[in-house]
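# Structural description and commentary
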Amino acid sequence: MKLPLRGGCQCGALRFEITTKPMTLYCCHCESCQQQSSSAFGMSMLVEREGFRILKGTAENFAIPTQSKSIESGLFCGKCGTRVANDTKGAPALSIKAGTLDDRVKLAPVGHTWVKSAQDWMIFREDDLIYEEAPDDGYYALMSRWATQEFA
Ligand SMILES: [Zn+2]
Ligand SMILES: [Zn+2]
């Protein structure tokens, strides 16, 4: 995986790039991520704000309260509705919805959050970092684990 990482929405009107090394990648199984992704979980890639840039189009945004009681702003394409990132008030990083990256086949999350609402059929790998709710260490362990991975 090489920087910059590029991605975009389903219709192509909104394109973005990531120019700094992502801080971590994990799956969130909270009810908000399930509903937002219309799937079993959301894949979050944390990226410093200055490392994220819109290349084409304009991101619309929508404010939603999260299960951990913060306000999150969802950035999405106004044409096709694909959510590309979440921006939580007060957080140092953006959460990029990793499924919108062009090169996503080899993405390997290092952990799982909010597994208390994970779907019953989910099977976690033995060495994954597992959190019942949001991590209480400021995502430190998730970032440390990710940092040990090779990333050019
Ligand atoms: Zn679109
Ligand atoms: Zn979530």
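Scroll up to find the structure.
This section reports on the structure supplied with the text. Computed from a predicted structure; not experimentally measured.

## Let's talk about the coordination of the zinc ion (ligand 2)
In an ideal tetrahedron of four donors about a metal, each angle is 109.5 degrees. In an ideal octahedron of six donors, the angles are 90 or 180 degrees. Within the protein, the atoms that donate to the zinc ion (ligand 2) are Cys28 (SG), Cys30 (SG) and Cys33 (SG), at distances of 2.1 to 2.3 Å. Sequence positions of the donors to the zinc ion (ligand 2) reduce to the motif C-x1-C-x2-C. Assigned by exposure class, cysteine 28 and cysteine 30 land together as buried.

## Remarks on the sheet that holds strand S10 (residues 111-113)
The strand order S6-S7-S8-S9-S4-S3-S10-S11 describes an open sheet built from eight strands, whose pairing is mixed. Where the open sheet ends on each side, the last strands, each with one partner, are strand S6 (59-65) and strand S11 (129-130). Pairing of strand S8 (residues 83-88) with strand S9 (residues 93-97), which is carried by two bridges, proceeds in the antiparallel orientation. Bridging from a neighbouring strand, asparagine 86 pairs with serine 95 of S9. Sheet contacts for helix H2 (residues 140-147): strand S3 (24-28), S10 and S11; angle to S3, the most-contacted strand, approximately 125 degrees.

## Section: the sheet that holds strand S1 (residues 5-8)
In spatial order, the strands read S1-S2-S5; together these three strands make up an open sheet with antiparallel pairing. The open sheet has two edge strands, S1 and strand S5 (52-56), and neither has a second partner. For this sheet, the mean angle separating the axes of adjacent strands, direction not counted, is 30 degrees. As paired strands, S1 and strand S2 (residues 15-18) are joined by four bridges and run antiparallel to one another. Paired with glycine 8 across the two strands is arginine 15, which belongs to S2.

## Some details on the coordination of the zinc ion (ligand 1)
Around the zinc ion (ligand 1), the protein supplies Cys9 (SG), Cys11 (SG), Cys77 (SG) and Cys80 (SG) as donor atoms, at distances of 2.3 to 2.4 Å. Here the zinc ion (ligand 1) is ringed by four donor atoms whose angles at the metal span 106 to 112 degrees, and the overall shape comes out tetrahedral. Each donor residue of the zinc ion (ligand 1) belongs to the same chain, with the gaps between them written as C-x1-C-x65-C-x2-C. Note that cysteine 11 is positioned in the loop between S1 and S2 and cysteine 77 in strand S7 (residues 71-77), a separation of 66 residues in sequence.

## Here we look at the packing of aromatic side chains
One pass over the full model with this rule turns up two aromatic pairs. Centroid distance phenylalanine 16 to phenylalanine 52: 5.3 Å. Interplanar angle 40 degrees. Geometry classified as tilted. Residue phenylalanine 16 is located in strand S2, and its partner phenylalanine 52 is located in strand S5; the two are separated by 36 residues in the primary sequence. Accessibility classification places phenylalanine 16 together with phenylalanine 52 in one group, the buried group. Centroid distance tyrosine 26 to tyrosine 139: 5.5 Å. Interplanar angle 40 degrees. Geometry classified as tilted. With tyrosine 26 in strand S3 and tyrosine 139 in the loop between S11 and H2, the pair connects residues that are 113 residues apart, well separated along the chain. Classification of tyrosine 26 by relative accessible area gives buried; the value is 6%. Tyrosine 139 gets classed as partly exposed once you look at its relative accessible area, which sits at 24%.

## Notes on the nonpolar core
If you look at the biggest cluster of nonpolar residues, it comprises 31 residues, and the most contacted ones within it are Phe16, Ile18, Met45, Ile96 and Leu101. Where this core is concerned, the elements lending two or more residues are S2, S3, strand S4 (42-48), S7, S8, S9 and H2. Contacts of methionine 45, omitting those with residues within four sequence positions, involve Leu5, Ile18, Pro22, Thr24, Leu25, Leu94, Ser95, Ile96, Ala98, Leu101 and Leu107.

Conventions and cut-offs
Residues numbered from 1 in each chain as written. Chains lettered and ligands numbered in written order. Predicted model: local features only at pLDDT ≥ 70, side-chain atom pairs only at ≥ 80, totals over all residues. Heavy atoms only, no water. Donors = N, O, S within 2.8 Å, 3.2 Å for Na, K, Ca; no water. Buried < 20%, exposed > 50% of the residue type's maximum accessible area, 1.4 Å probe, protein only. Pairing = 2+ DSSP bridges. Helix = DSSP H or I, 4+ residues; strand = E, 2+ residues; numbered from the N terminus. Contact = heavy atoms within 4.5 Å. Axes fitted to C-alpha atoms, helices over the stretch in contact; angles between N-to-C directions. Tetrahedral: all angles 85-135°; square planar, octahedral: opposite > 155°, others 65-115°. Phe/Tyr/Trp six-rings, centres within 6.5 Å; stacked < 30°, edge-to-face > 60°. Core = buried A, V, L, I, M, F, W, Y, C linked by side-chain atoms within 4.5 Å.

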